[in-house]
Amino acid sequence: MLSADRIVDVLRAAGEPSRLRILALLAREELAVLEICKVLDQSQPRVSRHLRLLAEAGLVERFPDGAWVFYRPAAEGESRTLADRILATLDAADPVLLRDAQRLEAVRAERRAAADQYFARNAATWDEIRSLHVAEDRVEAAIQAAAGPGPFRRLVDLGTGSGRMLTLLGPRAASCLGLDLSQQMLNVARARVEAAGLVACDLRHGDIFATRLPDGCADLVVVHQVLHFLGDPAAAVREAGRLTAPGGRMVIVDFAPHTLEVLREQHQHRRLGFSAAEMKRWMAAAGLRQTGLETLSPARINGLTVCIWTAERSPA
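The rules behind each value
- Residues numbered from 1 in each chain as written.
- Predicted model: local features only at pLDDT ≥ 70, side-chain atom pairs only at ≥ 80, totals over all residues.
- Heavy atoms only, no water.
- Salt bridge = Lys/Arg side-chain N within 4 Å of Asp/Glu carboxyl O.
- Helix = DSSP H or I, 4+ residues; strand = E, 2+ residues; numbered from the N terminus.
- Buried < 20%, exposed > 50% of the residue type's maximum accessible area, 1.4 Å probe, protein only.
- Phe/Tyr/Trp six-rings, centres within 6.5 Å; stacked < 30°, edge-to-face > 60°.
- Lys NZ or Arg CZ within 6 Å of the ring centre and 35° of its normal.
- Polar contact = N/O pair within 3.5 Å; in protein donor to acceptor, adjacent residues only side chain to side chain.
- Contact = heavy atoms within 4.5 Å.
- Pairing = 2+ DSSP bridges.
- Axes fitted to C-alpha atoms, helices over the stretch in contact; angles between N-to-C directions.
- Arc of directions from axis to C-beta.

Participant: Teacher, can you tell me more about the pattern of salt bridges here?
Facilitator: Opposite charge on two side chains lets them pair, provided their charged atoms get close. Under the defined criterion, the tally for this structure stands at 15 salt bridges. One salt bridge in this structure joins Arg 52 and Glu 56, with 3.2 Å as the shortest N-O distance. Highlighted residues: Arg 52 and Glu 56, both in helix H4 (residues 44-56), separated by 4 residues, approximately one helical turn. With a relative accessible area of 42%, Arg 52 lands in the partly exposed category. Owing to a relative accessible area of 52%, Glu 56 belongs among the exposed residues under this scheme. Between Glu 261 and Arg 264 there is a salt bridge, with its nearest N and O atoms 3.0 Å apart. With Glu 261 and Arg 264 both in helix H12 (residues 261-267), this residue pair falls 3 residues apart, about one helical turn.

Structure, rendered in structure tokens:
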């Protein structure tokens, strides 16, 4: 329980128009400081001051990611509970909040446009780009071990890209489904799947945040080198967890934290890797228990470390 003085501190932090708007924005997704500035149409020093006050009140969390700084709602605590109650009372038709939501969608559209252009340019050489880190044969051997021997009733590959996970793991599955938002990548994946002779394999245009697939529809869900492109990776993990059937397994492949800003500047990476604690928390929030983490270090200096997280849903 919060003391009376603490409640006053939290209410004072939240009870300023710009700070309340920031809380409403962060309830939608984690955002970088400059993105919040765009939505609020305020200077960086002013927004940074608001964020500092919200963080001191325990309402938001600050986490650096390379040269960027992101903010998100506090993961837990009485202050977060009070903030949720405050946000629940807001009028969804409030014109200021509606305008903020429109501006946030414009920020998202900028991200999507940059990502679409990048993927269109690099669809045909996607695997070559991935080879800039740990040798692909090492990664794929570790993925096969993490997925397990199967057989799988259904494999779902979220953000399938070139379809490599489908051709790698698909022979162990009775049916496969790959989702991606890039039509160029789906075209590459279709050619690859056809060449591999995978008959029971479906490729669809789909959103990793809202797949529209039924709960527990897959006993193996794979998210391979996707999360670092996303504005809300935690939400993608929740959706992947929702699709994981009782007794099923989720495998996530991505980078450990690093400082290669060039990947953000030239390759549309939004996050520069993920910590073990962060991923474990997201998996737990998705209702899964982490069962494994393998870390593959690169052979070359300044290379990228690849992590393979495995989680399972209880059979009960």
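Here the narrative resumes.
Participant: Explain the packing of aromatic side chains to me, please; I cannot follow it from the model alone.
Facilitator: Pairs of aromatic rings are described using the distance from one ring centre to the other and the angle between the two planes. Under the defined criterion, the tally for this structure stands at 1 aromatic pair. Here Phe 274 and Trp 282 contribute two aromatic rings whose centre-to-centre distance is 5.7 Å and whose plane-to-plane angle is 65°, an arrangement assigned as edge-to-face. Owing to a relative accessible area of 1%, Phe 274 belongs among the buried residues under this scheme. Residue placement shows Arg 271 over the ring face of Phe 70; its charged tip is 6.0 Å from the ring centre.

Participant: Could you clarify how one ought to interpret the side chain of Asp 254 in this entry?
Facilitator: As for its position among the elements, Asp 254 is in strand E8 (residues 244-255). A relative accessible area of 0% means that Asp 254 is categorised as buried. Only 2.7 Å separates the side chain of Asp 254 from the side chain of His 228, close enough to count as a polar contact. Here Asp 254 is in contact with Gln 225, Val 226, Leu 227, His 228, Phe 274, Thr 305, Val 306, Cys 307 and Trp 309, once residues within four sequence places are set aside.

Participant: How do you make sense of the sheet that holds strand E9 (residues 289-296) when you look at a structure like this?
Facilitator: In sheet architecture, strand pairing relies on hydrogen bonds along the backbone and comes in two forms, parallel and antiparallel. Taking strand neighbours across the sheet as the criterion, the 7 strands line up as E6-E5-E4-E7-E8-E10-E9 in an open arrangement whose pairing is mixed. Only two strands of the sheet have a single neighbouring strand rather than two, namely strand E6 (201-205) and E9. Sheet twist, expressed as the average angle between the axes of neighbouring strands with direction ignored, equals 15°. Across 7 bridges, the pairing between E9 and strand E10 (residues 306-312) is antiparallel. The partner of Gln 290 across the bridge, within E10, is Ala 311. The strands that helix H13 (residues 276-285) touches are E8, E9 and E10; relative to E10, the one it contacts most, it runs at about 25°.

Participant: Would you mind going over H13 with me for this structure?
Facilitator: Since the α-helix packs 3.6 residues into each turn, any two residues three or four apart lie on the same face. Buried residues of H13: Glu 278, Met 279, Trp 282 and Met 283, and no others. The arc that holds the buried residues of H13, viewed along the axis, is 130°, so those residues lie on one side. Turned more than 90 degrees from where H13 packs its buried face, Ala 277, Lys 280, Ala 284 and Ala 285 sit exposed. Gly 287, located one to two residues past H13, shows a positive phi value of around 85°.

Note that every value here comes from positions in space, so none of it alone points to a role or purpose.
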